[in-house]
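# Remarks on the overall topology
Letter by letter, the chains look like this.
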Amino acid sequence: MKATLVITSAVLALMLGIAVPVFAQNDKQGDKQDQPKQQQKANDQVRPAQQHDQQPQNQGKQQQQQKQDQNNQQQQRAQQQQNQDNQQKQVQQQQKQNQDNQQKQVQQQQKQDQNNQQQQRAQQQQRPQRTQEQQRVEQTTFQSHRAGNWQSDHRSWQQRGGYNGYRIPDDRYRGYFGSQHYFRIHDLPFMVYGGFPRFQYQGYWITLLDPWPENWSNDWYDNDDVYINYGNDGYYMYNRRYPGIGIAVSISM
């Protein structure tokens, strides 16, 4: 009986001795298995903190970007407004310049008209009055040179083969001829040359080679302002009352 108890105790002790290391080993393995979980848990606890720290930084960057975008938009709007203001100023300056130029042209034209009128009055005062016979000859000559159909009756200098007569010096031409220097044939020295009417202006004899248009008034040579202009290879006389129609004339001393 005692021997049995001893054997039993020994077996129990042996079993306990074996079990304790096994349990210890299992505890160690359990601890090792728990370490990754604990580490993961620690990391999970750290991540929210890091994310929480990064959120203010991201928000700050977004706010800075939004502020920068707003500044850029404001600068663009300011630049566009500045461009519009500059364009409007340029338009206003151009309009003002055009108005000033037009006003100057009108004033110059008015001044030129006044000078021409004064010259005409001065010339009329210096010239002797025509006799009734002279007036009759002038009227008869002009009336006989009225066109039946001016479009078919007149000829330009190009059709006549070009102008080969006397040419007015440039300084004299600028001073007394051209559209700005108009006059009236009335009371100018008059004569008939080769059957054509001829009058004297500024020391030059002007001979009308073309007939005058049938739609001009009967007394145009007494009441209408005319001027001598060079163009299209020759000299032409124009009536300001009927613009665009040039009568071929020749110039002589």
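In this text the structure is predicted, and so the values were computed from the model without any measurement.

## Some details on the pattern of salt bridges
Within this structure, the stated rule accounts for five salt bridges. Linking Arg 136 and Glu 133 is a salt bridge whose minimum nitrogen-to-oxygen distance equals 2.5 Å. Of this pair, Arg 136 and Glu 133 both sit in helix α2 (residues 132-144), three residues apart, which is roughly one turn of that helix. Between Arg 184 and Asp 225 there is a salt bridge, with the nearest N and O atoms lying 2.9 Å from each other. Of the two residues, Arg 184 sits in the loop between α4 (170-176) and β1 (190-193) while Asp 225 sits in the loop between α5 (220-223) and β4 (226-230), which places them 41 residues apart along the sequence. Classification of Arg 184 by relative accessible area gives partly exposed; the value is 34%.

## Quick look at the nonpolar core
The tendency in soluble globular proteins is for nonpolar side chains to be buried as a group. Ranked by internal contacts, the top residues of the largest apolar core, which has 35 residues, are Ile 185, Phe 199, Trp 220, Ile 228, Met 237 and Ile 251. Every element with two or more residues in this core is listed here: β2 (196-201), β3 (204-208), α5, β4, β5 (235-239) and β6 (242-252). The element contributing the most residues to this core is β6, with six residues.

## Observations regarding unusual backbone geometry
Positioned with a positive phi, Gln 202 is a non-glycine residue whose angle comes to about 55 degrees. Counting through the fold element by element, Gln 202 comes out in the loop between β2 and β3.

## Examining the environment of Asp 224
Tracing the backbone shows Asp 224 in the loop between α5 and β4. Judged by relative accessible area, Asp 224 falls into the buried class, the value being 4%. With 18 residues separating them in the primary sequence, Asp 224 and Tyr 242 have C-alpha atoms 9.4 Å apart. Excluding anything up to four places from it in sequence, Asp 224 contacts Phe 183, Arg 184, Ser 217, Asn 239, Arg 241 and Tyr 242. Side-chain polar atoms of Asp 224 contact the side chain of Arg 241, separated by 3.2 Å.

## Some words on the packing of aromatic side chains
Within the structure shown, the criterion is met by 17 aromatic pairs. When the centroid spacing of 5.1 Å and the interplanar angle of 80 degrees are considered together, the rings of Tyr 163 and Tyr 235 count as edge-to-face. One end of the pair, Tyr 163, is in the loop between α3 (150-153) and α4; the other, Tyr 235, is in strand β5, with 72 residues separating them in the sequence. Pair check on accessibility: Tyr 163 and Tyr 235 agree, each one buried. Aromatic pair Trp 216 and Tyr 242: ring centres 5.5 Å apart, planes at 15 degrees, arrangement stacked. In this pair, Trp 216 sits in the loop between β3 and α5 while Tyr 242 sits in strand β6, placing the two residues 26 residues apart along the sequence. Classification of Tyr 242 by relative accessible area gives buried; the value is 16%. Three or more aromatic residues joined by ring pairs form one cluster here, namely Phe 142, Phe 190, Trp 212, Trp 216, Trp 220, Tyr 221 and Tyr 242.

Here is what the cut-offs are and how they apply
- Residues numbered from 1 in each chain as written.
- Predicted model: local features only at pLDDT ≥ 70, side-chain atom pairs only at ≥ 80, totals over all residues.
- Heavy atoms only, no water.
- Salt bridge = Lys/Arg side-chain N within 4 Å of Asp/Glu carboxyl O.
- Helix = DSSP H or I, 4+ residues; strand = E, 2+ residues; numbered from the N terminus.
- Buried < 20%, exposed > 50% of the residue type's maximum accessible area, 1.4 Å probe, protein only.
- Core = buried A, V, L, I, M, F, W, Y, C linked by side-chain atoms within 4.5 Å.
- Contact = heavy atoms within 4.5 Å.
- Polar contact = N/O pair within 3.5 Å; in protein donor to acceptor, adjacent residues only side chain to side chain.
- Phe/Tyr/Trp six-rings, centres within 6.5 Å; stacked < 30°, edge-to-face > 60°.

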